[in-house]
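Inside the fold
Here is what each chain is made of, one letter per residue.
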Amino acid sequence: MTEIWVNITIDAHVIQEMFARDEDGSVMENIRDYYEERREVEEARGLEPFDGMEVLLDSGVLVETDEDYHVVVDQGEWNTGGGSGPGESEVLQAMRHVLEANQVDWCGEPVKGYEFSDLYLDSYWGAFDTREEYVASIADYVGCGTGDY
């Protein structure tokens, strides 16, 4: 188990919770606005625009349903690498953008999503021996518990 695995796992769980709590569609609106602004800057600099939504959808991290979006948190179910899908680093970058564009406002004072994820990583990296322990701790943390398990 690596720090990158824990980082991706906490990010996926936070994004999943954002979508689960999103009653007015603001999560997607914030993401679209973020990428629109980003695209303008990238194009002005002559850079190829990075479409994180496409990365998340192509990798299977984000699944569009008839009514909304669902996040798949199990990395084993993602289509990353191997030439047929986005790489792990692209997925992590796209997830970080979602966390930059949205706040965690269900566990006290609102903070950027990436700050919420980073706080978990800073506090709990190395605290557990198994993936199962991390997943349980992350689920508790994202649900406003302590993260201890």
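So, a few notes on the structure that sits alongside this text. Predicted, not measured: the structure shown is a model, and the values here were computed from it. (Residues numbered from 1 in each chain as written. Predicted model: local features only at pLDDT ≥ 70, side-chain atom pairs only at ≥ 80, totals over all residues. Heavy atoms only, no water.)

1. What to know about the overall build of the chain
On a plain count of helices and strands, the chain comes out with six helices and four strands. Mapped from its N terminus to its C terminus, the chain presents α and β elements in the order α-α-α-β-β-α-β-β-α-α. Against the 2.2 N^0.38 benchmark of 15 Å for 149 residues, the chain shows a C-alpha radius of gyration of 15 Å, consistent with a compact globule. Overall, the C-alpha framework of the chain stretches about 45 × 35 × 35 Å when taken along its three principal axes. Put simply, the chain has 149 residues, and 40% of those count as buried. Of all intrachain contacts in the chain linking residues separated by at least 6 positions in sequence, the fraction that spans at least 24 positions is 57%. (Helix = DSSP H or I, 4+ residues; strand = E, 2+ residues; numbered from the N terminus. Rg over C-alpha atoms; globule rule 2.2 N^0.38 Å. Buried < 20%, exposed > 50% of the residue type's maximum accessible area, 1.4 Å probe, protein only. Contact = heavy atoms within 4.5 Å.)

2. Comments concerning the packing of helix α4 (residues 88–101) against helix α5 (residues 113–124)
Where α4 contacts α5, the axes come no closer than 6 Å and their chain directions differ by 115°. For the pair α4 and α5, the contacting residues are R96, L99 and E100 in the first and G113, Y114, S117 and D118 in the second. Per-class residue counts for the contact of α4 with α5 are two nonpolar, two polar and three charged. (Axes fitted to C-alpha atoms, helices over the stretch in contact; angles between N-to-C directions. Nonpolar A, V, L, I, M, F, W, Y, C, P; charged D, E, K, R; others polar.)

3. Regarding the environment of G87
Mapped onto the elements, G87 comes out in the loop between β2 (69–71) and α4. Look past the residues within four positions of G87 in its chain and what remains in contact with it is T80 and G81.

The analysis is restricted to geometry; functional conclusions fall outside its scope.
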